[in-house]
Amino acid sequence: MGFDVGLVPYNPDGWGPPEVAAAPPSLGGGSSSVPFAPFSRSDKLGRIADWTRNPPGPGAFAAARDAVFDFAGLEDSIGLASADDSSFRLVDGKPPPRHPRFGPRWRFQQRPQLPQRRDEEVEARRREAEKERARRDRHWQQNRRTHHQFNRGGPSSSSAKPSVDIQPEWSVKEQIPFSSFSKLSFAVADQPEDLLVCGAVEYYDRTYDRVTPRAERRLERFKSRNFFKVTTTDDPVIRRLAENDTATVFANDTILAALMCAPRSVQSWDIVIQRVGNKLFFDKRDGSQLDLLTVNETAQEALPEAKEDINSAHSLAVEATYVNQNFSQQVLLRNGEKVTFDEPNPFATEGEEAASVAYRYRRWKLDEETSLVARCEVHAVSVDLRGERQFLTLNALNEFDPKVTGVDWRKKLETQRGAVLATELKNNANKLARWTAQALLAGADMMKLGYVSRLHPRDQYNHSILSVIGYKPRDFAAQINLNTANMWGIVKSIVDVCMKLGEGKYVLVKDPVKPQVRLYEVPNDAFENDYVEEPLPEEEQVRPFSEDVDASAKEMDAAAEAEATGTTAGAEKSGDVAAV
């Protein structure tokens, strides 16, 4: 038998089916082989091959296989509509999923796919992809913040220049990232040995411990006292000790502190290293940035770069150095009583008044063949309750504009001293770490920190001492997370690297943008008066700091004297911040 197509209606009057369609055989009682099964609306019916469904999880496939067919819409095709809809039951009333209009760019390339089996391997791959996506998001956000900081023109800006002009003939010997410094640790073998103490210091005035913002003291100027910033090889005592083979490595506390706290630095600096025979000399250039104190170096908001702005990075560095030196002399008892040591100040000439400072030449033993001698400074002495003499270091933090830091010292120092210190630790982490390292190197029993603020935010010439707080160096180092073993590990690693080099002159430069240092080999006559370098273009050259420091210090004194006496800028020249 052939296939029975059923009854086909015939239209003799024209094309198409007749106007009155024949009744379906299944409803009209015909002999069709398609049975008709009546059903009630209360029966639970599935879907008819709804392949567009997307089950929410692997467990939903079993239910989908059991209910593949759905006769819910069959009533429209067979004409079984009824007026009673009270028993109607909606099979699926969930709204369609809403896809985000905008999302991560890597989702735009996806195409709709058929449901696939999500086994353990697929789930693990999905979790790894989510972790990778989160890592990319964090990396993108970090790069976005760094790019935003670059656009602000901060210390990490791409336009920042190194502290020294890098010449084409210089060759890179080493490139050390700061991440490797954090893993170093070294403990010096013995306690340092005092070889010689030179200079004279005055006693600390304890009345400054009771200074408060309500009873502030005006900061005085000490134009007649000279401050000396002598590099290592220009020190006659260091030369004498080197000739006697007292040690193999020579430096001063400023240079060692810069090395020890290098991972906390942001701005560029450089140190000249000379290898002479089996000896190493760590020096600084004339007009080096190490002679100036940084301000808000590690703050989130960058300072302006325009030098004519009183709140620029350079202007604030000169002002901070000026304030620090005057503070260290004002908090002393000026009754003529001094504590003298083995030799007088090696840098002061006869009849010249030197600032109150004592130079301690101390020796550390790094290993069996290497020892280090450094010149360290203490600024005052004090007598404790037991009558024992203590060495003190004196340093001053300066406030230039409370709106920038967000903390007003005059309002917060008495009630929230910890918040003020925490803000300074955030904005000046490198400077405070260097002061602490210098106090530890000098063997100081106490370090005094002064809080000095401008009388007015737009007046950089007049300041007031608001408070003086003392800390024990080791306790303060633990408070700011300064590890002594890590400090000496950095110095020891750099000494070991330089000891492997041949005789000659090198310069260690902190990169102005990246957290790393580079060691260059330079000609023997580099950084000397008769050395002629191939100059960089004028727009890329950095003006030496020494000229700016002297000019700015003279301008400060001239403006202050003009304000006090009514004269013009014919005030006396000042030597407050002169560098030798």
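The structure presented is a predicted model; accordingly, all values stated were derived computationally and were not measured.

(A) Region of the structure containing the overall build of the chain. Within the chain, the secondary structure is distributed over 15 helices and 15 strands. Pairs at least 24 apart in sequence give 73% of the contacts found in the chain among residues at least 6 apart. On the chain, roughly 33500 Å² of surface is accessible, and the fraction owed to carbon and sulfur atoms is 50%.

(B) How the structure looks around the nonpolar core. Of all hydrophobic cores here, the largest spans 76 residues; its most connected members are Ile271, Ile273, Phe282 and Tyr451. At eight residues, the largest contribution of residues to this core is made by helix 12 (residues 429-442). The next biggest cluster of nonpolar side chains, apart from the first, holds 17 residues, and it includes Phe228, Leu241, Ala242 and Ala247.

(C) Region of interest: empty space enclosed by the protein. Under the defined criterion, the tally for this structure stands at two cavities of 30 Å³ or more. Its boundaries defined by the atoms lining it, the largest cavity holds a volume of some 660 Å³. Along the wall of the largest cavity there are 39 residues; nearest its centre are Lys229, Thr254, Asn324, Glu377 and Gln438. For the lining of the largest cavity, the elements supplying multiple residues, two or more each, are helix 7 (253-260), helix 8 (313-330), strand 8 (357-365), strand 9 (371-378), strand 11 (389-399) and helix 12. Here the lining of the largest cavity takes six residues from helix 12, the largest share from any one element. Residues of the lining of the largest cavity, tallied by class, amount to 14 nonpolar, 16 polar and nine charged. What the second largest cavity holds in volume is close to 40 Å³. Every residue lining the second largest cavity is listed: Glu174, Ile176, Ile494, Val497, Leu508 and Leu519. When contributions to the lining of the second largest cavity are tallied by element, the ones reaching two or more residues are strand 1 (171-177) and helix 14 (484-499). Across the lining of the second largest cavity, the residue classes break down as five nonpolar, no polar and one charged.

(D) Quick peek at the pattern of salt bridges. Applying the stated rule across the entire model yields 22 salt bridges. A salt bridge links Glu414 to Arg214, with the nearest nitrogen and oxygen atoms 3.4 Å apart. Note that Glu414 is positioned in the loop between helix 10 (409-412) and helix 11 (417-427) and Arg214 in the loop between strand 2 (193-203) and strand 3 (217-218), a separation of 200 residues in sequence. Among the residues examined, Arg214 registers a relative accessible area of 76% and is labelled exposed. With a closest N to O distance of 2.7 Å, Asp245 and Lys279 form a salt bridge. Of this pair, Asp245 sits in the loop between helix 6 (236-243) and strand 4 (249-252) while Lys279 sits in strand 6 (residues 279-283), placing them 34 residues apart in sequence.

(E) Broad picture of the packing of aromatic side chains. One pass over the structure, following the stated rule, counts 10 aromatic pairs. Taking the centre distance of 6.3 Å and the plane angle of 45° together, the rings of Phe228 and Phe347 count as tilted. Linking Phe228 in the loop between strand 3 and helix 6 with Phe347 in the loop between strand 7 (338-340) and strand 8, this pair joins segments that are 119 residues apart in sequence. A relative accessible area of 8% places Phe228 in the buried class. With relative accessibility at 14%, the residue Phe347 sits in the buried group. Here a set of aromatic residues connected by ring pairs shows up, and it is made of Trp170, Tyr520 and Phe527.

(F) Quick peek at helix 8. For helix 8, with 18 residues, the first-to-last C-alpha span of 26 Å sits near the 26 Å given by 1.5 Å per residue. For helix 8, the tally of buried residues reaches 18 of 18 residues, placing the bulk of the element in the interior.

(G) Spatial organisation of the side chain of Thr231. Structurally, Thr231 can be placed in the loop between strand 3 and helix 6. Judged by relative accessible area, Thr231 falls into the buried class, the value being 6%. If sequence neighbours within four positions are ignored, Thr231 has contacts with Asn252, Asp283, Lys284 and Arg375.

(H) View of the packing of helix 7 against helix 12. At a minimum axis distance of 9 Å, the contact between helix 7 and helix 12 shows a crossing angle of 125°. By the criterion of interaxial angle, the relationship of helix 7 to helix 12 is oblique. By crossing handedness, the relation of helix 7 to helix 12 is classed as right-handed. Along the contact surface, helix 7 presents Asp253, Thr254, Leu256, Ala257, Ala258 and Met260, while helix 12 presents Arg434, Ala437, Gln438 and Leu441. A breakdown of the residues in the contact of helix 7 with helix 12 according to their chemical character gives six nonpolar, two polar and two charged.

How each quantity is defined
Residues numbered from 1 in each chain as written. Predicted model: local features only at pLDDT ≥ 70, side-chain atom pairs only at ≥ 80, totals over all residues. Heavy atoms only, no water. Helix = DSSP H or I, 4+ residues; strand = E, 2+ residues; numbered from the N terminus. Contact = heavy atoms within 4.5 Å. Areas by Shrake-Rupley, 256 points an atom, 1.4 Å probe, with all protein chains shown as cover. Core = buried A, V, L, I, M, F, W, Y, C linked by side-chain atoms within 4.5 Å. Buried < 20%, exposed > 50% of the residue type's maximum accessible area, 1.4 Å probe, protein only. 1 Å grid on protein atoms, 1.4 Å probe; cavity = no way out; pocket = protein on both sides within 12 Å on 5 of 7 lines; lining within 4 Å. Points joined across faces, edges and corners; volume = space filled by probe spheres on them. Nonpolar A, V, L, I, M, F, W, Y, C, P; charged D, E, K, R; others polar. Salt bridge = Lys/Arg side-chain N within 4 Å of Asp/Glu carboxyl O. Phe/Tyr/Trp six-rings, centres within 6.5 Å; stacked < 30°, edge-to-face > 60°. Expected span 1.5 Å × (residues − 1). Axes fitted to C-alpha atoms, helices over the stretch in contact; angles between N-to-C directions. Parallel < 35°, antiparallel > 145°, perpendicular 65-115°, else oblique. Left-handed = near helix turned anticlockwise from the far one by under 90°.

Honestly, that's just the spatial picture; any functional story needs more than this.
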